[in-house]
Amino acid sequence: MRAASVRAVPSERAVCAMPTDRPNILFAISDDQSFAHTGYAGDPAVRTPHFDHIAEQGVIFTNAYVSAPSCTPSRAAALTGRNHWELRETGNLWSAWPGRRVYPEVLAQAGYHVGHERKGWGPGDPALRVHGNPAGPRYGSFREFLADRPRAAPFCYWFGSTQPHRPYVEGSGRHAGIALDDVAVPPYFPDCDPVRADIADYLLQCQVYDAQIGELLAALEAHGLHENTLIVVTSDNGMPFPRCKANLYDYGTRMPMAVSWPGVIAGGHTVTDFAGFADLAPTFLEAAGIEPLEEMSGRSFLDVVTAGRSGRIDPERDRVFCGRERHATGRQGGVGYPMRSIRTDEFLYIRNFEPTRWPAGDPPDFTDCDQSITKDYMMAHRDLPEVAPLFEPAFGMRPAEELYDLRRDPWQMTNVAQVREYEGVRRRMLAELETYLSATRDPRLTGEFDFDRAYCFWNGRWFPRSCPQVFTGRSR
Ligand SMILES: [Ca+2]
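The rules we used
The numbers attached to residues start from 1 for each chain and follow its sequence in the written order. In keeping with the model being predicted, local features are shown solely for residues with a pLDDT of at least 70 and side-chain atom pairs are shown and tallied solely at 80 or more, while totals for entire chains, interfaces and linings include all residues. Remark: hydrogens and water are excluded; side-chain values derive from all non-hydrogen atoms of the structure. Strands here mean DSSP runs of E at least two residues long; helices mean DSSP runs of H or I at least four residues long; both are numbered from the N terminus. Between the two quantities, the radius of gyration covers C-alpha atoms and the globule rule is 2.2 Å times the number of residues to the power 0.38. Burial classes follow relative accessibility: with a 1.4 Å probe on protein chains only, a residue under 20% of its type's maximum area counts as buried, one over 50% as exposed, and anything between as partly exposed. Contacts between residues were defined by any pair of non-hydrogen atoms, one from each residue, lying within 4.5 Å. Computed with a 1.4 Å probe, the accessible areas rest on the Shrake-Rupley method; for each residue, only the protein chains presented here act as cover. As used throughout, domain bounds are those supplied by an automatic or database domain assignment. Buried area is calculated as the accessible area (1.4 Å probe) missing from two parts once they are joined, with the contributions of both summed. Salt bridge criterion: a side-chain nitrogen from Lys or Arg within 4 Å of a carboxyl oxygen from Asp or Glu. Whenever a nitrogen or oxygen atom comes within 3.5 Å of another N or O atom, the pair is scored as a polar contact, on the condition that within protein one atom can donate a hydrogen and the other can accept it, and that pairs from neighbouring residues in sequence are kept only if both atoms are in side chains. Criterion used throughout: strands pair if DSSP finds at least two bridges between them. Each metal's donors are the N, O and S atoms within 2.8 Å of it, or within 3.2 Å when it is Na, K or Ca, and because water is not part of the set, sites may look incomplete. Irregular is the default label, applied whenever a site is not tetrahedral (four donors, all angles between 85 and 135 degrees) and neither square planar nor octahedral (four or six donors, opposite donors over 155 degrees apart, all other angles between 65 and 115). Here a Phe, Tyr or Trp ring, Trp counted by its six-membered ring, pairs with any other such ring whose centre lies within 6.5 Å, and the pair is stacked when the planes are under 30 degrees apart, edge-to-face when over 60, and tilted otherwise. Whether a charge sits over a ring depends on NZ of Lys or CZ of Arg being within 6 Å of the ring centre and within 35 degrees of the ring normal. For this text, the term disulfide refers to a pair of cysteine sulfurs within 2.5 Å. Given a helix with a known number of residues, its expected span is that number minus one, times 1.5 Å.

Asker: So what exactly am I meant to see when it comes to the overall build of the chain here?
Answerer: Across its full length, the chain holds 14 helices and 14 strands. The C-alpha atoms of the chain give 21 Å as radius of gyration, which agrees with the globular expectation for 476 residues (23 Å, within 12%). In terms of overall dimensions, the chain has C-alpha extents of about 65 × 50 × 50 Å along its principal axes. In the chain, buried positions account for 62% of the 476 residues. Sequence separation of at least 24 residues holds for 72% of the intrachain contacts in the chain that already meet a minimum separation of 6. If you sum the accessible surface of the chain, you get close to 17900 Å²; carbon and sulfur atoms cover 49% of it.

Asker: How should the domain arrangement of the chain be read in this particular structure?
Answerer: Interfaces are often described in size by the accessible area the parts lose on coming together. Each domain of the chain was delimited in the assignment, giving domain 1 (24-317) and domain 2 (322-470). Computed from C-alpha coordinates alone, the two centres of domain 1 and domain 2 are separated by 23 Å. Of the residues lining the interface, 50 residues belong to domain 1; the matching set on domain 2 comes to 50 residues. Across the domain 1/domain 2 interface, buried area totals approximately 4300 Å², and carbon plus sulfur atoms make up 63% of it. Applying the counting rule to domain 1 against domain 2 returns 4 salt bridges. Salt-bridge contacts for K245 lead to D370; the nearest nitrogen and oxygen are separated by 3.2 Å. For the interface between domain 1 and domain 2, the tally reads 21 residue pairs in polar contact (both at pLDDT 80 or more).

Asker: Can you help me understand the pairing of strand 2 (residues 59-65) in this one?
Answerer: Strand residues, when the strand is regular, have side chains that alternate between the two faces of the sheet. Buried residues dominate strand 2, accounting for 6 of its 7 residues. Relative to strand 7 (residues 254-260), strand 2 runs antiparallel, the two sharing 5 bridges. Residue pairing across strands places F61 opposite M257, the latter belonging to strand 7. One ladder, built from 6 bridges, connects strand 2 with strand 8 (residues 269-276); its direction is parallel. Across the sheet, N63 pairs through a bridge with F274, a residue of strand 8.

Asker: Can you help me understand the sheet that holds strand 3 (residues 113-118) in this one?
Answerer: Two strands in a sheet stick together by hydrogen bonds in their backbones, pointing the same way (parallel) or opposite ways (antiparallel). Overall, mixed pairing links the 8 strands, which are arranged 4-3-5-1-6-7-2-8 in an open sheet. Both edges of this open sheet fall to strand 4 (138-139) and strand 8, since each of them pairs with a single strand only.

Asker: Where do I start with the coordination of the calcium ion in this structure?
Answerer: Around a metal, the idealised angle for a tetrahedral arrangement of four donor atoms is 109.5 degrees; for an octahedral arrangement of six donor atoms it is 90 or 180 degrees. Looking at the calcium ion, the protein donor atoms are D31 (OD), D32 (OD), C71 (SG), D236 (OD), D236 (OD) and N237 (OD1), and they sit 2.2 to 2.7 Å from it. Around the calcium ion sit 6 donor atoms; with metal-centred angles ranging over 51 to 165°, the donor geometry is irregular. If you list the donors of the calcium ion from N- to C-terminus, the spacing comes out as D-D-x38-C-x164-D-N. In this pair, D31 sits in the loop between strand 1 (24-30) and helix 1 (49-57) while D236 sits in the loop between strand 6 (229-235) and helix 8 (250-253), placing the two residues 205 residues apart along the sequence. Accessibility classification places D31 together with D236 in one group, the buried group.

Asker: I keep staring at the pattern of salt bridges and nothing clicks. Help me out?
Answerer: Side-chain pairing between opposite charges can occur once the charged atoms of the two side chains come close. Counted under the stated rule, the structure contains 34 salt bridges. Note that E432 is salt-bridged to R319, the shortest N-O span being 2.8 Å. With E432 in helix 13 (residues 423-439) and R319 in strand 9 (residues 319-324), this pair connects stretches of sequence that are 113 residues apart. Taking relative accessible area as the criterion, E432 reaches 21% and is therefore assigned partly exposed.

Asker: Hey, could you run me through the packing of aromatic side chains in this one?
Answerer: Aromatic ring pairs are defined here through the distance separating the ring centres and the angle between the ring planes. One pass over the full model with this rule turns up 28 aromatic pairs. With a centroid separation of 6.2 Å and 65° between ring planes, the pair formed by W358 and F366 is classed as edge-to-face. Counting every residue linked through ring pairs, the aromatic cluster contains F35, Y188, F189, Y202, F241, Y251 and W411. For R166, the ring lying beneath its charged end belongs to F241, and the centroid distance is 4.5 Å. The positively charged end of R254 is found above the aromatic ring belonging to F35, 4.3 Å away from the centroid.

Asker: What is the right way to read the state of the cysteines from this model?
Answerer: When the sulfur atoms of two cysteines share a covalent bond, that bond is a disulfide. In this structure the tally under the stated criterion is 0 disulfides. No disulfide involves C156; its sulfur sits 20 Å from that of C71, the nearest cysteine. Here C192 stays free of any disulfide, with the sulfur of C244 as its closest cysteine sulfur at 15 Å.

Asker: Help me out: how do you make sense of helix 7 (residues 193-222) in this one?
Answerer: One turn of an α-helix holds 3.6 residues; hence residues three or four places apart share an orientation. Look at helix 7: 43 Å from first C-alpha to last across 30 residues, which is about the 44 Å you get at 1.5 Å a residue. Burial within helix 7 is extensive, with 21 of its 30 residues counted as buried. Following helix 7 by one or two positions, G224 adopts a phi angle in the positive range, close to 65°.

Asker: When you look at unusual backbone geometry in this model, what are you seeing that I'm missing?
Answerer: The bulk of non-glycine residues show a negative phi, and the bulk of peptide bonds are trans. For the bond from G122 to P123, the omega torsion is 0°, close enough to zero to count as cis. Note the cis peptide between Q163 and P164, where omega equals -5°. Mapped onto the elements of the fold, P164 is located in the loop between strand 5 (155-160) and helix 6 (172-175). Unlike most non-glycine residues, R88 shows phi in positive territory, near 50°. Its place among the elements puts R88 in the loop between helix 2 (71-80) and helix 3 (103-109).

Asker: Explanation requested: the side chain of D452 in the structure shown.
Answerer: You can see D452 is positioned in the loop between helix 14 (443-446) and strand 13 (456-458). We classify D452 as buried; its relative accessible area is 9%. In this structure the side chain of D452 is engaged in a polar contact, spanning 3.1 Å, whose partner is the side chain of R357. Leaving out residues up to four positions away in the same chain, D452 has contacts with R326, G334, V335, G336, R357 and R444.

Structural data, given as structure tokens:
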């Protein structure tokens, strides 16, 4: 399904004229933050004034989704404008980067001053530390980058925070003033103090990211660059908790995403259009007046954010496709857990290609799920009646097909794929998923590439070339 052609200029509904100068592009991406965990989204415990400011000044997406809920493939999709399964080995965590074309490179060739800070594309091939990260040359700070900018050149900057990735200092959230009574506990976890404290530690790191956004905004203001800068603030995958990160449920794939461009975008709008990470690169290129690359399967959402209104702007943006291949694994042979999904307003359908594998990694350690207090608690108390019904959905095997009716089941806890009244929906969702995967030549359908046999760099060595049976790396 090739994306519709991209307009050369934003919609006529844009509230302001496009500036004649090409805009600066500032992309801020956190590491492991779910959509719900901003003040703007209504979380009762976290404070994110800078994210909220960008949302109020611009447009917030309520349906922004990663291509894959795992660092490396998620970032690769953002950079290349392609679904992670189109990137072969780069569709896995800790993978290689065999010279894909990326938007920072295109913008650099067009005269942009390009750079990145902290976590760019990765984790992956360590040779890129020498040869350069696809997100651009590395800088120590945004202020250093701006000082290095050639006079009058527009810039493209990637700020890759390492928050709120684990590990956390135990009890740090509560110590910093996040009251455990205020913490919202998703129904995936037992509601108890250790879990609430673990979430509070995570929320504190979300606040650290927000403070970093504040520093970026202050630097923009100091240089007088705020007005003509397109800012996108988001994350790379969901919170590092069981059934969240590395899963295709909303707490793994659905991201906070706010977009502002003060000179062009009217503020205060909330759009429900579905946007995927492959849409980011075409959006940045269009903003710079550059056609998307032929191989990009994403589609610019510049028309959505310049429409000057809320709601569903583009009726065709009514679905998104996500997936996953090899995350950290922890499975014999170094194989991954291949999944693909289609998410609409009403339904989430997931196809599990290898249902005899363990989604969270092999027992007893389930190392494809990040080590955490919450995980430890669920494993230690798995036989308790209040924990047992939550342990299986997080760590147990799953059927080949999952279907969730989001109108009745927004937390995606009750699989209705085998319920007779949903048979028509199941067939339709599967057909639409397969149509898209076929159109984008997903190797899971075509057999043109084997993700499970692709090399993975871990702990100073490439696997599975040398010793696949010991490949049980932890998540990143
Ligand atoms: Ca991540």
